[in-house]
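What follows is each chain in one-letter form.
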Amino acid sequence: MKRFALALMCLPGLAFAEGLTIEEPMVPLAPPGVMAHAAFMQITNTGDSPRQLVGVSSPDYAMAHIHQTSEQNGIATMSGVDLIEIAPGQTVAFAHGGLHIMLMHPKAALAEGDTVNLSLLFANGAVEPVTAKVMRQHRHGS
Amino acid sequence: MIKHLMTALFLLAAPASAQVQGVELDEPVALPAFTYSNDLGESFTDQDLTGAWTIIMFGFLSCPDVCPFTLGNLEAAISETGMRVRPDNVPKVVFISVDPDRDAETVSDYAKFFHPEFKSFTGTRDQIDAMVEATDSFYRLMPPDSTGYYEVQHSSAVSVIAPDGTLRAKLQPPFDPGLTAEFLARLQISYRRELSQ
């Protein structure tokens, strides 16, 4: 059992804490000089009670916000999101065309393979640390 | 026999194009004269449209999701198109920033990050607006927040311009690389057919 736990802890990009699972946290490598990056991941509530994601912060950027991209009549719009309710057993995907974590003004230039530190803030005061990998990946196929 | 075979091939191909990647315009649209430039001192004008296929995309550099996704998929679509058309018919891809105030100093770095031959430019507001209108595109700079930061709304579709300098089609999300390449190859066939008539 101990080994199993150790093995889980060693899985890259996977964080477990207080009934939350964060999978595939990543920041697509952005062109040089670009001041706005995005972070994507999937957050699953593995606990018994609903969780409310109310914010995000990053020591690696001046600002971090939860954003929603929406497209209506061929026009892409972004808007801020104040609260995301995650029911027990529910997975919320931060993915292209939907939710993303908007990261403004990186404090240092990022290269492929670098990591970005994020903290997810929940309404109950819990803070979930997430380490996202910088990857050269813009195609999602669909 | 050949006609039947072609009909059969067409029917086979039809399900794959059920997901619409592009729309061919009923009539070609003439474009106004324009001049854009970038921080490398390069320029892009209506004269550059003649003699080659061009894809023009409007966007902005502080666009964390939609613009990188579109350019990333266009890079893949252009690679796929290169397998279907003659090298001199592979479209050039040009990104025009509608946000010159924030982007003018670094705009040249943007598109070439996605493909070494992609170019990016910006221009004065009236130059941007003229092409946005002519290509039936859209953008809007949103009111700034307390920090001065502002969002930009913009069309997600991109414009396809033929070697005669007229707008012929729009590509739209999800920009599936294979299907987009197929659409571009077919568009070129119908363009050549029209020229030979």
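Look a little higher up for the structure.
The present account deals with the structure reproduced in this document. Worth saying up front: this structure is predicted, and the values here are computed from it rather than measured.

**Section: the overall build of chain A**
- Looking only at helices and strands, one finds one helix and 11 strands in chain A.
- In chain A, the succession of helices and strands from N to C terminus is α-β-β-β-β-β-β-β-β-β-β-β.
- The buried share of chain A, reckoned over its 142 residues, is 40%.
- Sequence separation of at least 24 residues holds for 64% of the intrachain contacts in chain A that already meet a minimum separation of 6.
- For chain A, the exposed area adds up to about 7300 Å²; of that, 55% sits on carbon and sulfur atoms.

**Structural notes on the side chain of histidine 37 of chain A**
- Structurally, histidine 37 of chain A is set in strand β3 (residues 36–45).
- Residue classification places histidine 37 of chain A among the buried positions, given a relative accessible area of 7%.
- A distance of 3.3 Å separates a polar side-chain atom of histidine 37 of chain A from the backbone oxygen of valine 34 of chain A.
- Here the side chain of histidine 37 of chain A touches tyrosine 61 of chain A through a polar contact of 2.7 Å, side chain to side chain.
- Those residues within four positions of histidine 37 of chain A in sequence are excluded, and the remaining contacts are Val27, Ala30, Tyr61, Ile101, Met102, Leu103, Pro106 and Leu110 of chain A together with Pro64 of chain B.

**Quick word on empty space enclosed by the protein**
- One pass over the full model with this rule turns up two cavities of 30 Å³ or more.
- Estimated volume of the second largest cavity: approximately 70 Å³.
- In terms of lining residues, the second largest cavity is bounded by Thr69, Ala76, Thr77 and Met78 of chain A together with Phe60, Cys63, Pro64, Asp65, Val66, Val152 and His154 of chain B.
- Residue assignment for the lining of the second largest cavity shows that the elements contributing at least two residues are β6 (75–80) of chain A together with β8 (152–155) of chain B.
- Considering every element that reaches the lining of the second largest cavity, the biggest residue donor is β6 of chain A, with three residues.
- Partitioned by chemical class, the residues of the lining of the second largest cavity number seven nonpolar, three polar and one charged.

**Things to note about the sheet that holds strand β1 (residues 22–29) of chain B**
Residues and elements named next belong to chain B.
- Strand order in this open sheet of six strands is β1-β10-β9-β4-β5-β6, and the pairing throughout is mixed. Looking along the sheet, the strands with just one partner apiece sit at the ends: β1 and β6 (119–121). Ignoring which end each strand starts from, the neighbouring axes of this sheet average 25° apart.
- Of the strand pairs in this sheet, strand β4 (residues 54–59) and strand β9 (residues 158–161) are connected by three bridges, and their pairing is antiparallel. The residue of β9 that forms the bridge with isoleucine 56 is serine 159.
- Strand contacts of helix α4 (residues 107–114): β5 (92–97) and β6, with the helix running at about 155° to β6, the strand carrying the most contacts.
- Of the strands in this sheet, β1, β4, β9 and β10 (167–171) are in contact with helix α6 (residues 177–196), which crosses β10 at around 165°.

**Concerning the nonpolar core**
- Core analysis: the largest hydrophobic core is formed by 80 residues, its most contacted members being Phe94 and Leu120 of chain A.
- By residue number, the principal contributor to this core is helix α2 (residues 66–82) of chain B, which donates six residues.

**Some thoughts on the state of the cysteines**
All names here are of chain B.
- Summed over the entire model, instances satisfying the criterion amount to one disulfide over all chains.
- Paired by a disulfide, cysteine 63 and cysteine 67 hold their sulfur atoms 2.5 Å apart. Here cysteine 63 and cysteine 67 share a disulfide; its torsion about the S-S bond, 95°, makes the bridge right-handed. With respect to burial, cysteine 63 and cysteine 67 carry one shared label: buried.

**Some points on the packing of aromatic side chains**
- According to the stated counting rule, one finds seven aromatic pairs over all chains in the structure shown.
- Consider the rings of phenylalanine 95 of chain B and tyrosine 110 of chain B, whose centres lie 4.8 Å apart with planes at 45°: the pair is tilted. With phenylalanine 95 of chain B in strand β5 and tyrosine 110 of chain B in helix α4, this residue pair connects regions lying 15 residues apart in the sequence. Here the two residues phenylalanine 95 of chain B and tyrosine 110 of chain B agree in accessibility, since each one is buried.
- Centroid distance phenylalanine 113 of chain B to phenylalanine 114 of chain B: 5.1 Å. Interplanar angle 85°. Geometry classified as edge-to-face.
- Sitting over the ring of phenylalanine 122 of chain A, arginine 51 of chain A keeps its end group 4.9 Å from the ring centre.
- Above the face of the phenylalanine 113 of chain B ring, arginine 136 of chain A is positioned so that its terminal group lies 4.4 Å from the ring centre.

Basis of the calculations
Residues numbered from 1 in each chain as written. Chains lettered and ligands numbered in written order. Predicted model: local features only at pLDDT ≥ 70, side-chain atom pairs only at ≥ 80, totals over all residues. Heavy atoms only, no water. Helix = DSSP H or I, 4+ residues; strand = E, 2+ residues; numbered from the N terminus. Buried < 20%, exposed > 50% of the residue type's maximum accessible area, 1.4 Å probe, protein only. Contact = heavy atoms within 4.5 Å. Areas by Shrake-Rupley, 256 points an atom, 1.4 Å probe, with all protein chains shown as cover. Polar contact = N/O pair within 3.5 Å; in protein donor to acceptor, adjacent residues only side chain to side chain. 1 Å grid on protein atoms, 1.4 Å probe; cavity = no way out; pocket = protein on both sides within 12 Å on 5 of 7 lines; lining within 4 Å. Points joined across faces, edges and corners; volume = space filled by probe spheres on them. Nonpolar A, V, L, I, M, F, W, Y, C, P; charged D, E, K, R; others polar. Pairing = 2+ DSSP bridges. Axes fitted to C-alpha atoms, helices over the stretch in contact; angles between N-to-C directions. Core = buried A, V, L, I, M, F, W, Y, C linked by side-chain atoms within 4.5 Å. Disulfide = S-S within 2.5 Å. Phe/Tyr/Trp six-rings, centres within 6.5 Å; stacked < 30°, edge-to-face > 60°. Lys NZ or Arg CZ within 6 Å of the ring centre and 35° of its normal.

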